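Residue strings, one per chain:
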Amino acid sequence: MAALTATTPTIPAAPLTPALAGVIEAVREIVQRGLAPEPTAHLAGQALRPFLGRPGLLTPEQCEGDPECYRQHVLHAEPDGGFSVVALVWLPGQRTPIHDHVSWCVTGVHEGEETERRYLLESDGRTSRLAAAEEVVNPAGAVAAFAPPGDIHRVWNGGTTKAISIHLYGADIARLGTSIRRTYAEPAEES
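What counts, and where the lines are drawn
Residues numbered from 1 in each chain as written. Predicted model: local features only at pLDDT ≥ 70, side-chain atom pairs only at ≥ 80, totals over all residues. Heavy atoms only, no water. Helix = DSSP H or I, 4+ residues; strand = E, 2+ residues; numbered from the N terminus. Rg over C-alpha atoms; globule rule 2.2 N^0.38 Å. Core = buried A, V, L, I, M, F, W, Y, C linked by side-chain atoms within 4.5 Å. Buried < 20%, exposed > 50% of the residue type's maximum accessible area, 1.4 Å probe, protein only. Contact = heavy atoms within 4.5 Å. Salt bridge = Lys/Arg side-chain N within 4 Å of Asp/Glu carboxyl O.

## Details of the overall build of the protein chain
For step 1, the next point in the chain: A count of helical and extended segments in the protein chain gives three helices and 10 strands.
For step 2, the next point in the chain: For the protein chain, the N- to C-terminal ordering of α and β elements is α-α-β-β-β-β-β-β-β-β-β-α-β.
For step 3, the next point in the chain: Computed over its C-alpha atoms, the radius of gyration of the protein chain comes to 16 Å, within 12% of the 16 Å expected for a compact globule of 191 residues.
For step 4, the next point in the chain: Across its three principal directions, the C-alpha atoms of the protein chain cover 50 × 40 × 25 Å.

Put into structure tokens, the structure is as follows:
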């Protein structure tokens, strides 16, 4: 399996495409409402959905992968840090570690498909352990929205072609470098 973490984020030199500018404007309007994280993520996901799969959403440079690990392209970070737009490019077999996030998050599959395994953190009051909750294959056009807590998952490209997803985060990913808050060890049954 390919490397587990993304390469250093890249800020695109090319100007925003008109479609990407449309995504940013729609998300900006939603974030400015000042809603709680869950409804913000849900509404941002609805706003992203019509742009997925649209030709010209990304420049050719923003669709480039890395043979070593999935690649993160930071497409936009709002000047006030209110949200970011990121493209993740996955070659076959590339995956994330099991992780949660620093903020609300939306993922939308732009091209190809991604597999996602979601986890629950179970506790008996003394110890905690991860348990796989569900596994889904997200085809092009699929959108998922979530907010901490309860946002633990792993994502990978289980297909045979490149996959590209657009991610919206309620944080400044250009400054932070990643949306990952913490990573988790694989449950024993998955090792």
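Now that the structure has been shown, we can carry on.
## Some thoughts on the nonpolar core
For step 1, the next point in the chain: If you look at the biggest cluster of nonpolar residues, it comprises 24 residues, and the most contacted ones within it are Val23, Leu57, Leu58, Val85, Trp104, Ile166 and Leu168.
For step 2, the next point in the chain: When contributions to this core are tallied by element, the ones reaching two or more residues are helix 1 (18-31), helix 2 (37-48), strand 2 (84-90) and strand 9 (163-169).
For step 3, the next point in the chain: The biggest single contributor to this core is helix 1, with five residues.
For step 4, the next point in the chain: When neighbours within four sequence positions are excluded, Leu168 is seen to be in contact with Val23, Val27, Ala44, Leu48, Ser84, Val85, Trp104, Cys105 and Val106.
For step 5, the next point in the chain: Ranked by size, the runner-up nonpolar core spans 14 residues in total, among them Ala144, Val155, Ala163 and Tyr169.

## Section: the pattern of salt bridges
For step 1, the next point in the chain: Applying the stated criterion across every chain, the model contains 12 salt bridges.
For step 2, the next point in the chain: Arg28 is the salt-bridge partner of Glu78, the closest N and O atoms lying 2.6 Å from each other. Residue Glu78 is located in the loop between strand 1 (71-77) and strand 2, and its partner Arg28 is located in helix 1; the two are separated by 50 residues in the primary sequence.
For step 3, the next point in the chain: Here Glu78 falls in the buried class, since its relative accessible area comes to 9%.
For step 4, the next point in the chain: The class for Arg28 is partly exposed, based on a relative accessible area of 21%.
For step 5, the next point in the chain: Close ionic contact of Glu122 with Arg129 constitutes a salt bridge, the shortest N to O distance being 3.6 Å.
For step 6, the next point in the chain: A cluster of three or more residues bridged by salt bridges with shared partners is formed by Glu25, Arg28 and Glu78.

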